[in-house]
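As a plain string of letters, each chain reads:
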Amino acid sequence: MFELVEPIATVTFSEVPNEAFLALGMRNYWDGYFAGRAAPLGPAPAEVVHAVFYNFADGEVARHIPWVWGKTTPEEAIAVRERGSAAALRQMIGELADSPGLVRVADLATRAAVSAPTEGRVLYAALRALDVPEEPVARLWHAATLLREHRGDGHNAALVAHGIGGTEAHVLIALSLGMRPEEFGRIHHLPKARLAAVVDGLRDRGLVDAAGGFTDAGQETRERIEALTDELAAPAYDVLGTDELDELVAALEPIAAAVRAADD
């Protein structure tokens, strides 16, 4: 489900929504990112957004929050994000946007998306408090976003349970991809000494070896985190019967494939 939901949800980080936020007076992509994604939390201070988003380096959120709220409001940011994301998704999936089955897949995804437990899921709960869009393409994007953030909140809990901080999590992703941390997009801009200190900390804990790769313990830790993340995400789909879940998967596959192809 992650592989099917993630492409649909993340159209919100593509060009069309970005341009919409720039038109509001945002200075760059990241202003729009933080305005749109943090908007359901209301005008929360940077420290709260940093805690909820979990994996940004210290000080990164504060470059954008609360500055963006001098250019727009959370309510406007929510509306702009929805319109831009729905427009982007419609462009990417082409004729599928008007296919007879889109309403059905949007309805099934929404049933799952609004049924998951909210306890300990701050960003998911904030999104759950928003109105569900009526237009089918927007409703499908909204459902995918709910499911993505529900999973993301659970992933953060899994990281906390295993003592992995936000920057450490990105270092582990980089290593899993065979990349050096300073090559990985989300952290490549951080000072090299800072990244080296994070790697040293993981090495001291026996998760990274002398060459900068995973130890067996490091690989096992990563696999446990991913397995727990999957386990914590699963209750969102309990509301669907087996046939309905199969139907949802089958309907999402061509939509997710179209989005991935549009990104290539």
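Use the structure listed above.
Summarised in this report is the structure supplied together with it. (Residues numbered from 1 in each chain as written. Predicted model: local features only at pLDDT ≥ 70, side-chain atom pairs only at ≥ 80, totals over all residues. Heavy atoms only, no water.)

## A short note on the packing of aromatic side chains
Phase 1 of the analysis: Across all of its chains, the model carries 12 aromatic pairs by this definition.
Phase 2 of the analysis: With 5.0 Å between their ring centres and 80° between their planes, Tyr29 and Trp30 make a pair best called edge-to-face.
Phase 3 of the analysis: Ring centres of Trp30 and Tyr33 lie 4.9 Å apart, and the angle between their planes is 65°; on these two criteria the pair is classed as edge-to-face. Linking Trp30 with Tyr33, this pair stays in helix 3 (residues 29-38), spanning three residues, or about one helical turn.
Phase 4 of the analysis: Taking relative accessible area as the criterion, Trp30 reaches 33% and is therefore assigned partly exposed.
Phase 5 of the analysis: Aromatic ring contacts, followed pair by pair, group Phe13, Tyr29, Trp30, Tyr33, Phe34, Phe53 and Phe56 into a single cluster.
Phase 6 of the analysis: Above the ring of Trp67, the side-chain terminus of Arg27 is found at 3.7 Å from the ring centroid. (Phe/Tyr/Trp six-rings, centres within 6.5 Å; stacked < 30°, edge-to-face > 60°. Helix = DSSP H or I, 4+ residues; strand = E, 2+ residues; numbered from the N terminus. Buried < 20%, exposed > 50% of the residue type's maximum accessible area, 1.4 Å probe, protein only. Lys NZ or Arg CZ within 6 Å of the ring centre and 35° of its normal.)

## Topic: the environment of Asp204
Phase 1 of the analysis: With respect to the secondary-structure elements, Asp204 resides in helix 10 (residues 192-204).
Phase 2 of the analysis: On the accessibility criterion, Asp204 (69% relative accessible area) is exposed.
Phase 3 of the analysis: Taking the C-alpha atoms as reference, Asp204 lies 42 Å from Ala112; in sequence the two are 92 residues apart.

## Observations regarding the pattern of salt bridges
Phase 1 of the analysis: In total, this model carries 14 salt bridges according to the counting rule given.
Phase 2 of the analysis: Between Arg104 and Glu247 there is a salt bridge, with the nearest N and O atoms lying 2.9 Å from each other. One end of the pair, Arg104, is in helix 6 (residues 101-113); the other, Glu247, is in helix 12 (residues 242-263), with 143 residues separating them in the sequence.
Phase 3 of the analysis: Judged by its relative accessible area of 37%, Arg104 is partly exposed.
Phase 4 of the analysis: Beyond isolated ion pairs, a larger network of salt bridges with shared partners links Glu6, Arg37, Arg148 and Glu149. (Salt bridge = Lys/Arg side-chain N within 4 Å of Asp/Glu carboxyl O.)

## Overview of the side chain of Arg37
Phase 1 of the analysis: Positionally, Arg37 belongs in helix 3.
Phase 2 of the analysis: A relative accessible area of 11% means that Arg37 is categorised as buried.
Phase 3 of the analysis: Here Tyr33 takes part through its side chain, which lies 2.8 Å from a polar atom of the side chain of Arg37.
Phase 4 of the analysis: Only 2.9 Å separates the side chain of Arg37 from the side chain of Glu149, close enough to count as a polar contact.
Phase 5 of the analysis: Setting aside residues no more than four positions away along its own chain, Arg37 makes contact with Phe13, Phe53, Arg81, Leu123, Arg148 and Glu149. (Polar contact = N/O pair within 3.5 Å; in protein donor to acceptor, adjacent residues only side chain to side chain. Contact = heavy atoms within 4.5 Å.)

## Focus on the layout of surface pockets
Phase 1 of the analysis: Space inside the largest pocket adds up to approximately 1,100 Å³.
Phase 2 of the analysis: Considering every element that reaches the lining of the largest pocket, the biggest residue donor is helix 8 (residues 136-161), with eight residues.
Phase 3 of the analysis: Tallied by class, residues from the lining of the largest pocket come to 17 nonpolar, eight polar and nine charged. (1 Å grid on protein atoms, 1.4 Å probe; cavity = no way out; pocket = protein on both sides within 12 Å on 5 of 7 lines; lining within 4 Å. Points joined across faces, edges and corners; volume = space filled by probe spheres on them. Nonpolar A, V, L, I, M, F, W, Y, C, P; charged D, E, K, R; others polar.)

## Observations regarding empty space enclosed by the protein
Phase 1 of the analysis: Scanning the entire structure with this criterion turns up one cavity of 30 Å³ or more.
Phase 2 of the analysis: Space inside the largest cavity adds up to approximately 80 Å³.
Phase 3 of the analysis: The set of elements that each furnish at least two residues to the lining of the largest cavity consists of helix 2 (15-23) and helix 3.
Phase 4 of the analysis: Per-element accounting of the lining of the largest cavity gives the leading share, five residues, to helix 3.
Phase 5 of the analysis: Here the residues of the lining of the largest cavity are counted per class, giving five nonpolar, five polar and two charged.

## A word on the packing of helix 5 (residues 74-93) against helix 12
Phase 1 of the analysis: At their nearest, the axes of helix 5 and helix 12 sit 8 Å apart, and the two run at 90° to each other. The angle between helix 5 and helix 12 falls in the class roughly perpendicular. Of helix 12, the residues touching helix 5 (which contributes Leu89, Met92 and Ile93) are Ile255, Ala258, Val259, Ala262 and Asp263. (Axes fitted to C-alpha atoms, helices over the stretch in contact; angles between N-to-C directions. Parallel < 35°, antiparallel > 145°, perpendicular 65-115°, else oblique.)

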